[in-house]
Amino acid sequence: MTDITLKIREIATRLLQNGQVDIFMGWEKGQEEYQARPFFARRVEDVDKLIFNEYSIHNLSNDLLKYRDGQEKIGIVVKGCDSRGIVRLLQDGQIKRERLYIVGVACPGMKDPLQAVKDNSGFFPTAADSGLAKKCGDCIEPNPIIYDELIGEKQTPRVGEERFKLVKEIENMSVDQRYQFFEDIFSRCIRCYACRQVCVACNCRTCIFDEMKPQWVGRETSISDNFMYHLVRASHMAGRCIECGECERVCPVNIPLMLINQKLIKDVNKFFGPYEAGMVYIEGAKPPLSSYQENDPDNFL
Ligand code: SF4
Ligand code: SF4
Ligand code: SF4
């Protein structure tokens, strides 16, 4: 991936030098070789810190939210999932297209840095195969959807017919079994909100979970408050989740959040689809649950 790094540096230098962007977002090397963290270059002298390697997994599109109220022109490197995040932000009116210069990288798939930390900690047996991160094994679009410049050879989607396999297994459970399943996983949640913070689709300025008057969800990690948190967040993701897998990747207690997101994707596809969030950018187009037509079926009301 050295070629990609060099190309990114070349583009960043050009854009910063000619004043086309004020900030260029990419990744820099972390403390360990298996860590890459977001890095924002503001001067040509910073550009040599930019890297692209198999641990550049963090979805950078979420970082654009820090600049949504500014005027800066921003260069940003995107993989397939990051680019779908940008479509999400454009559709949600969070940032203007003309402020962005998007450098797409056809993504060869990333490794999981947390797995690498475990493998290198000496506390766990090293995983036999520390291949692609889970979210990359499930990736339906590794190629950037939206870009001004593209780097790398077109990649093949990695998930096949098995995409909703686990969702179907859960759908086939009895109601009691399903309740038990979700009670078990949600009881582990410590409500750290890492899944919300990392999510590009969670971009409301005031989040219902932070409100105190009224307080919609209690601060306790009781099972009812945890259910409330996950059900509300899930319903806000319907038709909007771009399947980047970041929420599940950062969860410290390994809650399989993508199961919930995939159930919503499957249902939105069935009832409103075919529809994949963030896969196409058409200026002014709204996701299915943000648009209304008079002939919409509404017999659920
Ligand atoms: S989810 Fe797809 S685009 Fe995103 S890092 Fe993994 S392989 Fe690349
Ligand atoms: S990241 Fe995991 S533990 Fe934290 S709030 Fe989300 S689901 Fe709960
Ligand atoms: S809910 Fe998870 S998978 Fe969906 S957009 Fe947010 S972080 Fe990505």
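Because the structure is predicted, anything quoted here is derived from the model rather than measured. (Residues numbered from 1 in each chain as written. Chains lettered and ligands numbered in written order. Predicted model: local features only at pLDDT ≥ 70, side-chain atom pairs only at ≥ 80, totals over all residues. Heavy atoms only, no water.)

So, on to the overall build of the protein chain. Helix and strand counts for the protein chain stand at ten helices and six strands. Over its C-alpha trace the protein chain gives a radius of gyration of 20 Å, about what one expects of a compact globule, namely 19 Å for 301 residues. In the protein chain, the proportion of contacts linking residues at least 24 apart, taken out of those at least 6 apart, comes to 70%. As presented, the protein chain carries roughly 16200 Å² of accessible surface, and 52% of it is formed by carbon and sulfur atoms. The distance from the centre of the 40 positive side-chain charges to the centre of the 44 negative ones in the protein chain is 2 Å. (Helix = DSSP H or I, 4+ residues; strand = E, 2+ residues; numbered from the N terminus. Rg over C-alpha atoms; globule rule 2.2 N^0.38 Å. Contact = heavy atoms within 4.5 Å. Areas by Shrake-Rupley, 256 points an atom, 1.4 Å probe, with all protein chains shown as cover. Lys, Arg positive; Asp, Glu negative; His and termini not counted. Charge placed at Lys NZ, Arg CZ, Asp CG, Glu CD.)

What follows concerns helix α8 (residues 223–237). In this model, α8 (15 residues) spans 21 Å end to end at C-alpha, consistent with the 21 Å of a helix rising 1.5 Å per residue. Where α8 is concerned, the buried positions are Asp225, Asn226, Phe227, Tyr229, His230, Val232, Arg233, Ala234 and Met237. Buried residues in α8 make contact with α6 (175–187), α7 (194–197), α9 (246–250) and α10 (257–272). (Expected span 1.5 Å × (residues − 1). Buried < 20%, exposed > 50% of the residue type's maximum accessible area, 1.4 Å probe, protein only.)

Turning our attention to the packing of α6 against α8. When two helices pack together, you describe them by how their axes are tilted relative to each other and by the distance separating the axes. Closest axis-to-axis distance for the α6/α8 pair is 9 Å, and the angle between their directions is 95 degrees. The angle between α6 and α8 places the two elements in the roughly perpendicular class. Residue-level contacts link Tyr179, Phe182, Glu183, Phe186 and Ser187 of α6 to Ile223, Asn226, Phe227 and His230 of α8. Looking at the contact of α6 with α8 residue by residue, the classes come out as five nonpolar, three polar and one charged. (Axes fitted to C-alpha atoms, helices over the stretch in contact; angles between N-to-C directions. Parallel < 35°, antiparallel > 145°, perpendicular 65-115°, else oblique. Nonpolar A, V, L, I, M, F, W, Y, C, P; charged D, E, K, R; others polar.)

This part is about the site of ligand 1. The immediate surroundings of ligand 1 are formed by Lys79, Gly80, Cys81, Cys107, Gly109, Met110, Lys135, Cys136, Cys139, Pro142 and Arg158. Elements that contribute at least two residues to the shell around ligand 1 include exactly α2 (80–91) and α4 (134–137). The class makeup of the residues in the shell around ligand 1 is six nonpolar, two polar and three charged. (Near = heavy atom within 4 Å.)

Moving on: the side chain of Arg163. Assignment of secondary structure puts Arg163 in the loop between β6 (149–151) and α5 (165–171). Accessibility expressed as a relative area gives 13% for Arg163, which makes it buried. Within the structure, the side chain of Arg163 is placed 2.6 Å from the side chain of Glu243, a separation counted as a polar contact. Polar side-chain contacts of Arg163 include one of 2.8 Å to the side chain of Glu276. If we skip the residues at most four places from it in the chain, Arg163 touches Ile140, Glu243, Gln262, Ile265 and Glu276. (Polar contact = N/O pair within 3.5 Å; in protein donor to acceptor, adjacent residues only side chain to side chain.)

This paragraph deals with the packing of α8 against α10. For the pair α8 and α10, the least separation of the axes is 9 Å and the interaxial angle reads 45 degrees. One finds that α8 runs oblique with respect to α10. For the element pair α8 and α10, the recorded crossing hand is right-handed. Residue-level contacts link His230, Ala234 and Met237 of α8 to Leu257, Ile260, Asn261 and Leu264 of α10. Among the residues forming the contact of α8 with α10, the class breakdown is five nonpolar, two polar and no charged. (Left-handed = near helix turned anticlockwise from the far one by under 90°.)

Turning next to the site of ligand 3. Taken together, the residues surrounding ligand 3 are Cys199, Arg233, Met237, Cys241, Ile242, Glu243, Cys244, Gly245, Cys247, Met258 and Asn261. Contributing elements (two or more residues each) for the shell around ligand 3: α8 and α10. Split by residue class, the shell around ligand 3 holds seven nonpolar, two polar and two charged.

Moving on: the domain arrangement of the protein chain. When its domains are assigned, the protein chain resolves into domain 1 (2–151) and domain 2 (161–290). Distance from the C-alpha centre of domain 1 to the C-alpha centre of domain 2: 24 Å. In this assembly, 26 residues from domain 1 lie in contact with 30 residues from domain 2. Interface area, domain 1 with domain 2, both sides summed: about 2400 Å², of which 50% is carbon and sulfur. (Domains from an automatic or database assignment. Buried area = accessible area lost by both parts, 1.4 Å probe.)

On to helix α3 (residues 113–121), then. When we look at burial in α3, the residues that qualify are Pro113, Ala116 and Asp119. One face of α3 carries all of its buried residues, which in axial projection span an arc of 115 degrees. Residues of α3 that are buried in the fold lie against α9. Capping the start of α3, Asp112 holds a side-chain oxygen 2.9 Å from the backbone nitrogen of Leu114, two or three residues further along. Gly122 lies just past α3 and shows a positive phi near 85 degrees. (Arc of directions from axis to C-beta.)

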